[in-house]
Amino acid sequence: MPKITFVNEKLEIEVPQGANLRDEALKAGVELYQGINRYVNCFGHGTCGTCKVVVKKGVENLSPKGVMEKLTLWRMLSVIGSEQQSRLACQCSVHGDCTIETKPALPISPETDAKGKFFWETPYPNK
């Protein structure tokens, strides 16, 4: 049985041959979706791109990219520089061992600026 290693979660799971990466990750409790995307996504149809992962090892052990996955990844500017390793978890079938890096969890705190200050800590700029 193929093994999937999730780097950020420090988790390794065994999955059946040909299993869908998104389905198996969600069964194992791996959060592929951040924020509102947990509730608002395409539910595995490959159109939203919110389940994007980076394959660190074993990219050859996943199914080849389909037309819908290529189109969705093409319109996402975040994959520039890592086109070969970026995949949509909902479009991948696992056929061998692989190492996957998911998005880091979003902080629960309010938005901060580049200096780490909260918006209410800085005075209004026109005063």
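Our subject is the structure that appears above.
Criteria and cut-off values
Residues numbered from 1 in each chain as written. Predicted model: local features only at pLDDT ≥ 70, side-chain atom pairs only at ≥ 80, totals over all residues. Heavy atoms only, no water. Helix = DSSP H or I, 4+ residues; strand = E, 2+ residues; numbered from the N terminus. Buried < 20%, exposed > 50% of the residue type's maximum accessible area, 1.4 Å probe, protein only. Areas by Shrake-Rupley, 256 points an atom, 1.4 Å probe, with all protein chains shown as cover. Patch = residues over 30% accessible without salt bridge, like charges linked within 9 Å, V, L, I, M, F, W, Y side chains within 5 Å. Salt bridge = Lys/Arg side-chain N within 4 Å of Asp/Glu carboxyl O. Polar contact = N/O pair within 3.5 Å; in protein donor to acceptor, adjacent residues only side chain to side chain. Contact = heavy atoms within 4.5 Å. Core = buried A, V, L, I, M, F, W, Y, C linked by side-chain atoms within 4.5 Å. Pairing = 2+ DSSP bridges. Axes fitted to C-alpha atoms, helices over the stretch in contact; angles between N-to-C directions.

A. Spatial organisation of the overall build of the chain. Summing up its helical and strand segments, the chain has two helices and seven strands in all. In the chain, the succession of α and β elements from N to C terminus is β-β-β-α-β-α-β-β-β. Here the chain holds 127 residues, and 35% of them are scored as buried. In the form shown here, the chain has an accessible surface area of approximately 8300 Å², with 57% of it arising from carbon and sulfur atoms.

B. Structural view of a nonpolar patch on the surface. Together, Val 67, Met 68, Leu 71 and Trp 74 make up a nonpolar patch on the protein surface, roughly 500 Å² of accessible area in all. Position of Trp 74 among the secondary structure elements: in helix α2 (residues 67-74). We classify Trp 74 as exposed; its relative accessible area is 70%.

C. Expanded view of the side chain of Thr 72. Among the structural elements, Thr 72 can be located in helix α2. Owing to a relative accessible area of 1%, Thr 72 belongs among the buried residues under this scheme. Within polar-contact distance, the side chain of Thr 72 engages the backbone oxygen of Gly 46 at 2.5 Å. If near-sequence neighbours (up to four positions away) are discounted, Thr 72 is found in contact with Gly 46, Thr 47, Cys 48, Gly 49 and Leu 88.

D. Region of the structure containing the environment of His 95. In this fold, His 95 is placed in the loop between β6 (93-94) and β7 (98-101). Under the relative-accessibility criterion, His 95 is labelled partly exposed at 41%. Each C-alpha atom of the pair His 95 and Asn 61 lies 5.1 Å from the other, and the pair is 34 residues apart in sequence. For His 95, the contacting residues outside a window of four places in its chain are Pro 2, Gln 17, Gly 18, Asn 61, Leu 62 and Ser 63.

E. Fine view of the nonpolar core. Residues Ile 4, Phe 6, Leu 21, Leu 32, Val 94 and Ile 100 are the most contacted members of the largest nonpolar core, which totals 24 residues. Among the elements of the structure, β1 (3-6), α1 (21-27), β4 (52-57) and β7 are those that each provide at least two residues to this core. Beyond its immediate sequence surroundings of up to four residues, Leu 21 is in contact with Ile 4, Phe 6, Val 53, Ala 89, Cys 92, Val 94 and Ile 100.

F. Here's a closer look at the pairing of β1. Residues Ile 4 and Phe 6 of β1 are buried on one face, while the alternating residues Lys 3 and Thr 5, pointing to the opposite face, are not. As paired strands, β1 and strand β2 (residues 11-14) are joined by four bridges and run antiparallel to one another. Paired with Ile 4 across the bridge in β2 is Ile 13. Both β1 and β7 contribute to a ladder of three bridges, which runs parallel. Along β7, the bridge assignment pairs Ile 4 with Cys 98.

G. Just the sheet that holds β2, in detail. What the five strands build is an open sheet, ordered β2-β1-β7-β4-β5; its pairing is mixed. At either end of the open sheet lies a strand with only one pairing partner, and these are β2 and β5 (86-88). Ignoring which end each strand starts from, the neighbouring axes of this sheet average 35 degrees apart. Its contacts with the sheet put α2 on β4 and β5, and the angle it makes with β5 is roughly 120 degrees.

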